[in-house]
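Each chain is listed here by its residues.
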Amino acid sequence: MARNKQRERAAAGAAETVDGGLAELIPDRDRARAWTLLLDGAPQSHVDLDDPAALAFEYQRRLGHVIDLAAPPGRPLQVLHLGGGAFTLARYTAATRPRSTQQIAEIDEPLVRFVRRELPLDPGARIRVRAADARAALGKVPDGWADLVVADVFRGARTPAHLTSTEFLTEVRRVLRPDGTYAANLADGPPLAHLRGQIATAAAVFPELALVADPTVLRGRRFGNAVLVASGLPLPVAELTRRVASDPHPGRVEHGRGLTDFTGGAAPVTDATAKPSPAPPPSAFR
């Protein structure tokens, strides 16, 4: 009976005030058990409980490609998610790579409770959710534990400053295995100073980088998301490029000399110089 009431409540949508503002779950008109999570009106995540492998948001599809290419198909992964949202990418990993072990660090404890209650995780999934600051949680992860670290952290639609520095990325590399991968959802708009600085920062820590984004974002024509991928070993750039090009909204992959040229001599960011990512314009979520 309690579960039926829970389903009825979620089907009609739900809302609750959390630390980050007003959290709302908006039902998907085309999918019976799918919802979009909004925070203060800004779309954060989309979840389909009937098909967790379905990724509706463009940037989440690109992070899904990174998850797909992080190891041979079906091999379980150890994944650290910095930022939780509606746990979309952890659900995706559990669905596509059974027996994976995952940790989620989400600072907004009321949001965690809201999502857990309205969109419960599969009890059989090996997903541990901790209400903790991303960098503080990162510092508690053992050396070389993770195959993959995914950073998707926004507070008030901005990435906090302490998650943008070389010191932060040095900690990320510490917890990754030698062949591990780091992937971050970044947001920026013209003149792309934040994005260029984040590429330079990652290049100071990781020898291999790739950037995935909509061409109009890369040309500085609009505010949008970009996925930065980094590793200590060569990345599967050719396959990533093929997958991104075949998405419903095709993206572009920059790598090597092209990415260096795009960075344009930007300086790495340190804890002493770090700033939050820029706030999106009012038109960004229309």
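## Re the pairing of strand E2 (residues 21–27)
Now for step 1: When strand E1 (residues 14–18) meets E2, the two strands line up antiparallel, connected through 5 bridges. Along E2, the bridge assignment pairs Val18 with Gly21.
Now for step 2: Where E1 hands over to E2, the hairpin turn is made up of 2 residues, counted between the paired strands.
Now for step 3: Looking at chain direction, E2 and strand E3 (residues 34–39) are connected through 5 bridges and run antiparallel. The residue bridging Glu24 from the neighbouring strand is Leu38, located in E3.
Now for step 4: The antiparallel hairpin formed by E2 and E3 contains 6 residues in its connecting segment.

## Things to note about the sheet that holds E1
Now for step 1: The 4 strands lie next to each other as E1-E2-E3-E4, forming an open sheet whose pairing is antiparallel. Every interior strand has two partners, whereas the edge strands, E1 and strand E4 (42–48), have only one. Across the sheet, the axes of successive neighbouring strands diverge by a mean angle of 20 degrees, strand direction being ignored.

## A few points about the pairing of E4
Now for step 1: In terms of burial, E4 is a largely internal element, 6 of the 7 residues being buried.
Now for step 2: Here E3 pairs with E4 via 6 bridges, running antiparallel. If you follow Leu37 over to E4, its bridge partner there is Ser45.
Now for step 3: In sequence, E3 turns back onto E4 through a hairpin of 2 residues, with Asp40 there showing a positive phi of about 50 degrees.

## Let's talk about the side chain of Arg130
Now for step 1: Within the secondary structure, Arg130 sits in strand E7 (residues 126–130).
Now for step 2: In this structure Arg130 is buried but unpaired, with Asp133 as the nearest side chain of opposite charge at 10 Å.
Now for step 3: Setting aside its immediate chain neighbours within four residues, Arg130 contacts Gln103, Ile104, Ala105, Glu106, Ala137 and Lys140.

## Overview of the sheet that holds strand E9 (residues 176–188)
Now for step 1: An order of E7-E6-E5-E8-E9-E11-E10-E12 is seen for the 8 strands of this open sheet, with the pairing classed as mixed. Of all the strands in the sheet, the pair left with one neighbour each is E7 and strand E12 (252–255). Strand-to-strand twist of the sheet, defined as the mean angle between neighbouring strand axes without regard to direction, takes the value 15 degrees.
Now for step 2: Across 4 bridges, strand E5 (residues 78–82) lies against strand E8 (residues 146–151) in parallel orientation. By the bridge assignment for E8, Val79 is matched with Leu148.
Now for step 3: Lying on the sheet, helix H7 (residues 193–203) is in contact with E9, strand E10 (208–213) and strand E11 (224–231); it crosses E9 at an angle near 170 degrees.

Basis of the calculations
- Residues numbered from 1 in each chain as written.
- Predicted model: local features only at pLDDT ≥ 70, side-chain atom pairs only at ≥ 80, totals over all residues.
- Heavy atoms only, no water.
- Pairing = 2+ DSSP bridges.
- Helix = DSSP H or I, 4+ residues; strand = E, 2+ residues; numbered from the N terminus.
- Axes fitted to C-alpha atoms, helices over the stretch in contact; angles between N-to-C directions.
- Buried < 20%, exposed > 50% of the residue type's maximum accessible area, 1.4 Å probe, protein only.
- Lys, Arg positive; Asp, Glu negative; His and termini not counted.
- Salt bridge = Lys/Arg side-chain N within 4 Å of Asp/Glu carboxyl O.
- Contact = heavy atoms within 4.5 Å.

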